[in-house]
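# Structural characterization, general
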Amino acid sequence: MRPVVDVRGVTKIYDLDGQSIRALDGIDLTIDPGEFVAVMGPSGSGKSTFMHIVGMLDRPTAGTYSLEGTDVSQLDGDARADIRSRRLGFVFQAYNLLARTSAIENVELPMVYAGVPAADRRRIALEKLEEVGVAQLKDHLPNQMSGGQQQRVAIARSLVNDPGLILADEPTGALDSKAAESVMRLFRDLNEQRGITIMLVTHEPDVAAHAKRVVTFRDGHILSDATQDRKAA
Amino acid sequence: MNTRATLSLAMRALLRNRSRSLLTMLGVIIGVAAVIVTVAIGVGARTSVQQQIASLGSNLLIVQPGSVTTSGARTGYGGASTLTPADGLAVATLPGVAAVSPTVTAREQIVAGTQNWQTTIDGVAPTYTFVRSWPLASGTFFSEQDVASAAKVAVLGQTVVQNLYPDGSSPIGSSILIDGVPFTVVGTLAPLGQSGMGQDQDDTVLVPYTSAMERLTGQTTVSALDVSASSAASVDTVQTEITSLLEQRHRIVAPQPDDFQVRNLQDVAAAASSTGAIMEFLLAGVAAVSLIVGGIGIMNIMLVSVTERTREIGLRMALGARAKTILRQFLTEAVMLSTVGGTIGVCVGIVGTLLVSLLAKWSTVIPISGVIAAVLFSALVGIFFGYYPARKASLLSPIEALRFE
């Protein structure tokens, strides 16, 4: 089976005030379709840098990265944007919905950049909002929704272009435990029922417990990589 | 991404910040409105000057007698008695001359029934209506035969008609006394209004120039020759020809000054319209400066907007926006601000122009080309001043933009 993510010897060196900082040091990692991977580690461990590279928001200093069998480490900005648009879905800690913009318009946004015709955009956006259970909030503005609801809208937005991989960066970091639990359950449903591949960055063991596999980073290296039994649903 | 999607993205971004968008546009609105109003006033003033000059007649040249020196005192132009009707006939034979009308001027008291009025009596030829482009309101003009016989016929200007026939009765066929001499009214002139110098041109009575000379002034010379050139292009040539013809007829040789003067109304028109053009230029320049200031306002706000929306830009990039798409969106926002501002400015300018012509009673003309130029220029302002902030936005790294606090 062709892996979704295949990272070989990825190194990232930052230059900070003339001092070079090795954020990632020769990472090898493979994620297969249908996996639900939690990336853990303390701050400064390199887990966020790793997610940015996998999410094609950042480039590795050295090493190769293949996404769904294509080497993407050498692509230019436009090609990277196109892959982000068509193959990747993002969910952020701070939801990152456009302010003063309705839920459905937020969900439509990635399709605008992917060039989906306006009529289809509306229909698909509504479908995805239904899928994450907030269709009734489609005309609400972000400031009229709770954090959990906003994050569900953001998840719907990450789904609209049928991505091969969803990247979630501390998706429950701003939520109370009840909302966090419900959002994690949504991720699990998407993974188990729809077979969507998910890579999630967190530092909370409770959140990581929902994943099938936990990769722990420390000082730019992978400390452990283990498959686990999921927390009971 | 297609144009429609770009436009709708930009529009939504602007609508999210309504009051700021409006305030940003204000600079362009004021700039464009200023352009429209000043150009409208400038063009209006120039057009009305041109109309006044055109109302003096088509391709008109005026030959006046020169100055005469009496005991060392020079009388100035028109003082000499050197032009004769024969000069006029000679000028009429020149190629390029369409018509000539001599003018003999006198100021007399006229009486009609119980009314009387003092006015200017102009002795002219039948060609006068053509030379001065002055149509009749009623009746007929006098003929060459009337000139030959020095007939006692008159054509009245509208001011004279109003003052001698206040009851509104038709003056045609009635008899008036000019300096005690009875004349029959054969026609009335169409109203012409004020001249460029503020004179009431309708306050006049026209009679055959022969009648004026024989029965009113008792002179054998005329006060001027009105000459109409056959085309506007030939005015300068005709002017030279008249000068050399009259020099020959009056036996004037080189060092001697001419005893006449040929004036060309096109010179007057050109001077007037060039003054107008300079004014227009100045006003439009001031207005253009205010437009540029408006453009700087747009650039300022767009720069603030790029900084403020850094995270939004990062998000858009993460969701698949190319750098070019971001550039296009911010550029579109700037152009939209300036073009919508420009269009509102045109409307404000038109209303302002109407107010000016209504309140100040100035004649104004809103040139379509000016309106189009103002809108295009404001779009250009948007592109020019919007490019830098838009480029700045598009060069952001997605990851740094997303992390921006």
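Residues numbered from 1 in each chain as written. Chains lettered and ligands numbered in written order. Predicted model: local features only at pLDDT ≥ 70, side-chain atom pairs only at ≥ 80, totals over all residues. Heavy atoms only, no water.

## With respect to the pattern of salt bridges
What the rule picks out here adds up to 26 salt bridges over all chains. Two residues, A:Glu68 and A:Arg87, come together in a salt bridge whose shortest N-O distance is 2.8 Å. Of this pair, A:Glu68 sits in the loop between strand E4 (62-67) and strand E5 (70-71) while A:Arg87 sits in helix H2 (residues 77-87), placing them 19 residues apart in sequence. Assessed through its relative accessible area of 28%, A:Arg87 is described here as partly exposed. Here the salt bridges do not stand alone but share partners, grouping B:Arg16, B:Arg309, B:Glu312, B:Arg316 and B:Glu333 into one network. (Salt bridge = Lys/Arg side-chain N within 4 Å of Asp/Glu carboxyl O. Helix = DSSP H or I, 4+ residues; strand = E, 2+ residues; numbered from the N terminus. Buried < 20%, exposed > 50% of the residue type's maximum accessible area, 1.4 Å probe, protein only.)

## A word on the interface of chain A and chain B
Contacts between the two partners involve 24 residues from chain A, matched on the other side by 25 residues from chain B. Of the roughly 2200 Å² buried between chain A and chain B, counting both surfaces, carbon and sulfur atoms make up 58%. When the area that chain A buries against chain B is broken down by residue, the three leading residues are A:Leu57, A:Leu98 and A:Tyr113, summing to 27%. On the surface where chain A and chain B come into contact, there are 3 salt bridges. Close ionic contact of A:Asp82 with B:Arg322 constitutes a salt bridge, the shortest N to O distance being 2.4 Å. For the pair chain A and chain B, the number of links is 6 residue pairs in polar contact (both at pLDDT 80 or more). At the level of elements, H2 and helix H3 (103-114) of chain A are the ones that each hand at least two residues to the side of chain A that touches chain B. (Contact = heavy atoms within 4.5 Å. Buried area = accessible area lost by both parts, 1.4 Å probe. Polar contact = N/O pair within 3.5 Å; in protein donor to acceptor, adjacent residues only side chain to side chain.)

## Points about the packing of aromatic side chains
This model, assessed by the stated rule, comprises 5 aromatic pairs over all chains. Between A:Phe90 and A:Phe92 the ring centres are 5.9 Å apart and the planes differ by 5°, which places this aromatic pair in the stacked class. In this structure, A:Phe90 and A:Phe92 share a single accessibility class: buried. Between the aromatic rings of B:Tyr128 and B:Trp134, the centroid separation amounts to 6.4 Å while the plane-to-plane angle is 45°, which identifies the pairing as tilted. (Phe/Tyr/Trp six-rings, centres within 6.5 Å; stacked < 30°, edge-to-face > 60°.)

## Remarks on the domain arrangement of chain B
Here the domain parsing of chain B yields domain 1 (3-52 + 271-403) and domain 2 (83-258). Placing a centre on the C-alpha atoms of domain 1 of chain B and another on those of domain 2 of chain B gives a separation of 56 Å. (Domains from an automatic or database assignment.)

## Comments concerning a nonpolar patch on the surface
Residues and elements named next belong to chain B. On the surface, Ile292, Ile296, Phe377, Leu380 and Ile383 cluster together into a nonpolar patch covering about 410 Å² of accessible area. Elements represented by at least two residues in the nonpolar patch include exactly helix H9 (265-308) and helix H12 (368-394). With 3 residues, the single largest contributor to the nonpolar patch is H12. Looking at the secondary structure, you find Ile383 in helix H12. Owing to a relative accessible area of 41%, Ile383 belongs among the partly exposed residues under this scheme. (Patch = residues over 30% accessible without salt bridge, like charges linked within 9 Å, V, L, I, M, F, W, Y side chains within 5 Å. Areas by Shrake-Rupley, 256 points an atom, 1.4 Å probe, with all protein chains shown as cover.)

## Comments concerning the sheet that holds strand E7 (residues 165-169) of chain A
All names here are of chain A. An order of E6-E7-E8-E3-E9-E10 is seen for the 6 strands of this open sheet, with the pairing classed as mixed. Unpaired on one side and paired on the other, strand E6 (88-91) and strand E10 (221-227) mark the two borders of the sheet. Each strand of the sheet is rotated relative to its neighbour by a mean of 15°, with strand direction disregarded. Relative to the sheet, helix H5 (residues 147-159) contacts E6 and E7, its axis offset from that of E6 by approximately 170°. (Pairing = 2+ DSSP bridges. Axes fitted to C-alpha atoms, helices over the stretch in contact; angles between N-to-C directions.)

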